[in-house]
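As a plain string of letters, each chain reads:
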Amino acid sequence: MLIPCPVCGQRDAGEFFYRGDATAARPPLEEEAERPWVEYVYARHNPRGEHLEFWQHAHGCRQLLVVRRNTETHEVFEARLVGPFGEGG
Amino acid sequence: MPGFRLASGGTRIDRSARFTFTFDGAPVEAFAGDTIASALIASGRSIVARSFKYHRPRGVFSAGAEEPNALVTVGSGAVREPNVNAATRLAAPGMEVSGQNAFPSVERDIGAVGEKLSPFLAAGFYYKTFIGPLKRSWMWYEPAIRRAAGMGRASLEPDPARYEKASAFADVLVVGAGPAGLAAALTAGRAGARVILAEAAPGPGGALDLEEADIDGRPAGEWAAAATVELAGMENVTLMPRTHVWGYYDGGVLAALEDCGGEGETRCRHWRIEARQAVLATGAIERPIVFAGNDRPGVMLASAGLAYARRYGAAPGGNVILFCNNDEAWRSAGLLAEAGVKIAAIVDPRTEILDALARPLAERGAEIILSHVVAAARGVKRVEGATIVPVGEAALAEAAGNIDRPGAQAQESEQGEDAAPPAPGGALERACDTILVSGGFNPVINLASQAGGPPVWREEIAAFVPGEPRQAFIAAGAAAGAPTLEIAINQGAEAGALAASAAGFEARNEELAVKIPVEGLRVTTEDGGLLPLFEVEPQGAKPGKAADKAFVDLQHDVTAADIRLAHQEGFADAEHLKRYTTLGMANDQGRTSALAGLAILAGEREMPLPAVGSTRFRPPAIPVPLGTLAGRERGRHAAPVRRSPLHHAHLAAGAQMMEAGLWMRPRIYPKRGETLFAAYTREARHVRRAVGIADVSTLGKIEVAGPDAAAFLDRVYANNFSNLAVGKARYGLMLREDGFVFDDGTAWRLAEDRYLATTTTAKAAEVMLHLEFLAAAAFPELKVSLTSVSDQYAGIAVAGPKARELLARLVEGTGMDNDAFPFMGVREATVGGAPALLARLSFSGENAYEVYVGADHGPFIWKLLLEKGADLEVAPYGLEAMGTLRIEKGHVAGPELNGRVSAHDLGMEKLLSTKKPFVGKPLAQRPALSEPGRLQLVGVIAADEAFRAGAHLVAGPAEQPGPSEGHITSVTFSPALGKTIGLALLKGGRERRGESLYAADPIRGGHCRVEVVSPHFVDPKGERLHG
């Protein structure tokens, strides 16, 4: 599997660390209730087909990416930066 | 028995280079270019193996990767290689080859008693017998069964061979250099695409050398040679012979195994090929027809018989009967006869055969027996004859039910003058030493199946062809079901052009239009005149006498009866059948057996074969030595070795080094003749008495900078960092999102907007990833940058009552007394002239400093500390003493921070800030994480005997220990207390101080009394470190 890193170009998936489901919304910092955090930490959908995932280019530019990918065929559609260098960052 | 080497012929052998190797100790003559199998056949050897379950004698069955029988062991000792395919492995002078699954030899195998027990070894036997009421007995019988049934055995010694891994990139990868593959590579190469042509065989051409054909106006062999020369001349084309592509993975990544053929030091090479487009021209392999005794040595695929004769000048036998249902096999027989092999008879269930095929054979004396099938092979150690019955009297398993059976009985052969008409209703007996069999051809669809949808049934060849691609591949040639050479080669050319244009290269239209004329012996109808037939059901030769076994899967000894039994027991799905009977699960991946199995199942279910479906192929398509997947990454090369900047200083000081994760770290600095125990207790005692220095370079160091650095640390640590003064350090506890303890360390405030955060050695990389993730995904609004500076610094801990005095001699730029440089203070200064960061921190419990200098300055400063402190008795201390000192102080480390402890378990709940939010806070507050009955950190002291880490804490003595109440995580002998002490995680431990328990170590031995105490053994008030 190749991931099109916006910084480094097409790179092998072995250079990246999978960092989890990018659709799981982290509750706001001030949220103290247990339920939303349990949802965020433990509850995961396991979609078949298109999915958004975090991948970090640990053996490259170290940037965190959101990768849009098909979990069934492993086809990678796009990868974009998140964080300070991403859109709106 | 005289040899079967023909007087002439053999395109792959060099008759001028003769050598010998041994098979089961006996010498075998061979020519350069012979495979093990061809040399054995030429030498007249019939039995080359014993079968998997029944230990039946077996001979060579094929001439390729599909070989189910001729698996042998090559070499001995450390280089013993089991399960080598004799049909593809080249023989070499002096090679030691031995038969498998037999003792003492394949000729005389005492295990053959398995034959008499065979009624007990039917499908599902193991499940039925050893699972269920008797299931506990499996563990007793398993070793014996595994010895009796099985393949070769691997060497127990380390493999001395070298393996390599490499990557390759292509616009178009062509798999298979047969006619279709060569044509595809040519068109794609001419279009300018980067082409890789991978071929499992040593040379190109595929099965062209078994054809009599002209291509582009010249003999097929010449055409293939010219194509290869042209390809070799193209800079954008790479030829990869002896490279078998075995896996097709996501994103156009293919795996291949290159057999380096004993040249150079490397045995084989694993290729990872990234291909934008692939052309799968993997060809087709002949399939057998199942009949009783079809596993006897001397039964062989027809095309293999021709391959041995043409390529190696080795006749498959001296008196051959061909049993086939298609024209291609007649052509093979014709070529065999031309090569000088005696064809005694040809048995075909069809009612008529074209004169052009039959006449030449009849003229050479072959008996043509149409409308008949071979019902049984006679003979045990070698075929001695065939029982031939009329089609109408045999029960046949055919595909899709399209045998025209009523007509078959009535019609007489049109070659009546040559064919001996069978006695109506009677079985014929014919003597022979070889039965060549051909049931048609199966496209090789392993790769296509891995990367595509379910295979599609193609009626005219009665076989499956590749299904809908899910990746960018095109199947071409015989692999795609092309019935003739002409169609195959043009499909290849077109596929090459299509693939090249899909990869963005202009493949010119005229190339697409090019038709390579194929002329030659093309006398049959386009579809090859196939009459689908998979099985002749066994029938007793004499009334009351059971027929011999009819094998579907020769390699796993799965019989037709096994398949019927499986169906009867409800395993009627193709995937269930495979798993219940193990049909098609061995080295050969069911290449010659899967379809016949499905045909029999379809017959039982009374439905057309394609309706039964097929099983999906998974990688690897061929056996892959595990060593090749490891490549060079084994032994010392399995993982990188990390060395601290002070590594050579440790070696110079006589340190005994040890592996700690990836790091090499000094364990002890033994004096001459000193034991480990003596050395580490001396070093630890020395630190408490004078001053010691230790290498702490391996700690993770992360610079956290930016206007929001303080806010960021407040969020990622459980305790507060924004209120830390510049020039001060603080211990920090980090939780995971789930509320459990992740890591600990100190963070130093170097400036208003700049911190240096340290991590444990083990978690350095994980903490960095964790912080980077949080900064990017959770808190993108914070202006903060994270930089790993772990490798930029050499870190030296200077600890002990004389630490201050020693450092004062070398430090410039800061005072060293308690006011100028208080406990937990951080100073930027110089040490021995080198810019340095100093922090007054203590892991040991003594007054201590951590000195960080540039990595390159490290060795010099280390040496300087030892020189300038000689009169203060400064001495280095290693990892063991560091452990002793921290256990004496009750500081937690890796063994305690095991990912399952909460802050409360460690007695650190006060570090969980109530004034601010932080990562892990909401879930850390779950009541279960502070339940009193949890495993909690305690200290344990040995009452008398020493205990070991990993021992469990129990209430009772050895005779009646009772359940485990926790375990000991870290142990040391404490010089300060004169006793063995340890840290432990004990149920409800915080309330159990003073209790007396036992440390139980039943596996390694030991059961001794311990006392539960506070984990702070030495100087619990911390007076020494403030000194």
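Enquirer: Which parts of the structure should I look at to understand the side chain of B:S46?
Expert: All names here are of chain B. By secondary structure assignment, the location of S46 is in the loop between α1 (36-42) and β3 (49-50). Given a relative accessible area of 11%, S46 falls into the buried group. In terms of polar contacts, S46 uses its side chain to reach the side chain of R382, at 3.2 Å.

Enquirer: What should I look at first to understand the sheet that holds strand β35 (residues 656-660) of chain B in this one?
Expert: In sheet architecture, strand pairing relies on hydrogen bonds along the backbone and comes in two forms, parallel and antiparallel. Residue and element names in this part refer to chain B. In spatial order, the strands read β34-β36-β35; together these three strands make up an open sheet with mixed pairing. In this open sheet, the two edge strands, each paired with only one partner strand, are β34 (642-643) and β35. Two elements, β35 and strand β36 (residues 663-668), share five bridges in a ladder whose sense is antiparallel. The residue of β36 that forms the bridge with A660 is W663. Strands in contact with helix α24 (residues 879-889) are β35 and β36; relative to β36, the strand with the most contacts, it is inclined by about 75°.

Enquirer: Help me understand the pattern of salt bridges, please; the structure alone is not making it clear to me.
Expert: Should their charged atoms come close, side chains of opposite charge can pair. Residue and element names in this part refer to chain B. This structure, assessed with the given rule, holds 65 salt bridges over all chains. Note that R636 is salt-bridged to E659, the shortest N-O span being 3.1 Å. Placement of R636 in the loop between α17 (626-630) and β34 and of E659 in strand β35 is noted, with a sequence separation of 23 residues between them. Where R992 meets E965, a salt bridge forms, and the shortest distance between an N and an O atom there is 2.6 Å. On the criterion of sequence distance, the pair formed by R992 in the loop between β52 (979-987) and β53 (996-1000) and E965 in the loop between β50 (952-954) and β51 (966-974) is long-range, its members being 27 residues apart. For the residue pair R992 and E965, the accessibility class agrees, reading buried in each case. Through salt bridges that share partners, R56, R58, D295, R296, D548 and D557 make up one connected network.

Enquirer: Any chance you could explain the interface of chain A and chain B here in plain terms?
Expert: Across the contact, 26 residues belong to chain A and 25 residues belong to chain B. Overall, the association of chain A and chain B removes approximately 2200 Å² of surface from exposure, summing both partners, and the carbon and sulfur fraction of that is 62%. Contact with chain B buries surface across chain A, with A:R19, A:R26 and A:L29 losing the most and accounting together for 24% of the total. Taken together, the connections running from chain A to chain B amount to three salt bridges. With its nearest N and O atoms 2.8 Å apart, the salt bridge here joins B:E772 to A:R62. Where chain A packs against chain B, one counts seven residue pairs in polar contact (both at pLDDT 80 or more). When contributions to the side of chain A that touches chain B are tallied by element, the ones reaching two or more residues are β3 (17-21), α1 (34-42) and β4 (50-56) of chain A.

Enquirer: Is there a simple way to think about the domain arrangement of chain B in this case?
Expert: When the parts of a complex come together, some accessible area is lost, and that lost area is often taken as the interface size. All names here are of chain B. Along its sequence, chain B is carved into domain 1 (162-285 + 442-520), domain 2 (695-884) and domain 3 (931-1027). Taking both partners together, domain 2 and domain 3 bury about 760 Å²; carbon and sulfur atoms supply 48% of that area. Together, F823, E846 and T884 form the three largest contributors to the area buried by domain 2 at its contact with domain 3, with a combined 52%. Across the domain 2-domain 3 interface, the total number found is one salt bridge. One salt bridge in this structure joins R1024 and E846, with 2.7 Å as the shortest N-O distance. Our count for the domain 2 to domain 3 interface comes out at two residue pairs in polar contact (both at pLDDT 80 or more). Its residues assigned to classes, the side of domain 2 that touches domain 3 comprises three nonpolar, five polar and three charged.

Enquirer: How should the environment of B:P801 be read in this particular structure?
Expert: Residue and element names in this part refer to chain B. With respect to the helices and strands, P801 occurs in the loop between β43 (793-799) and α22 (803-808). Judged by its relative accessible area of 45%, P801 falls in the partly exposed class. Once the C-alpha coordinates of P801 and W271 are considered, the two residues, 530 residues apart in sequence, prove to be 60 Å apart. Excluding residues that lie within four positions of it along the chain, P801 makes contacts with V687, R688, R689, A690, E846 and R1024.

Rules used throughout
- Residues numbered from 1 in each chain as written.
- Chains lettered and ligands numbered in written order.
- Predicted model: local features only at pLDDT ≥ 70, side-chain atom pairs only at ≥ 80, totals over all residues.
- Heavy atoms only, no water.
- Helix = DSSP H or I, 4+ residues; strand = E, 2+ residues; numbered from the N terminus.
- Buried < 20%, exposed > 50% of the residue type's maximum accessible area, 1.4 Å probe, protein only.
- Polar contact = N/O pair within 3.5 Å; in protein donor to acceptor, adjacent residues only side chain to side chain.
- Pairing = 2+ DSSP bridges.
- Contact = heavy atoms within 4.5 Å.
- Axes fitted to C-alpha atoms, helices over the stretch in contact; angles between N-to-C directions.
- Salt bridge = Lys/Arg side-chain N within 4 Å of Asp/Glu carboxyl O.
- Buried area = accessible area lost by both parts, 1.4 Å probe.
- Domains from an automatic or database assignment.
- Nonpolar A, V, L, I, M, F, W, Y, C, P; charged D, E, K, R; others polar.

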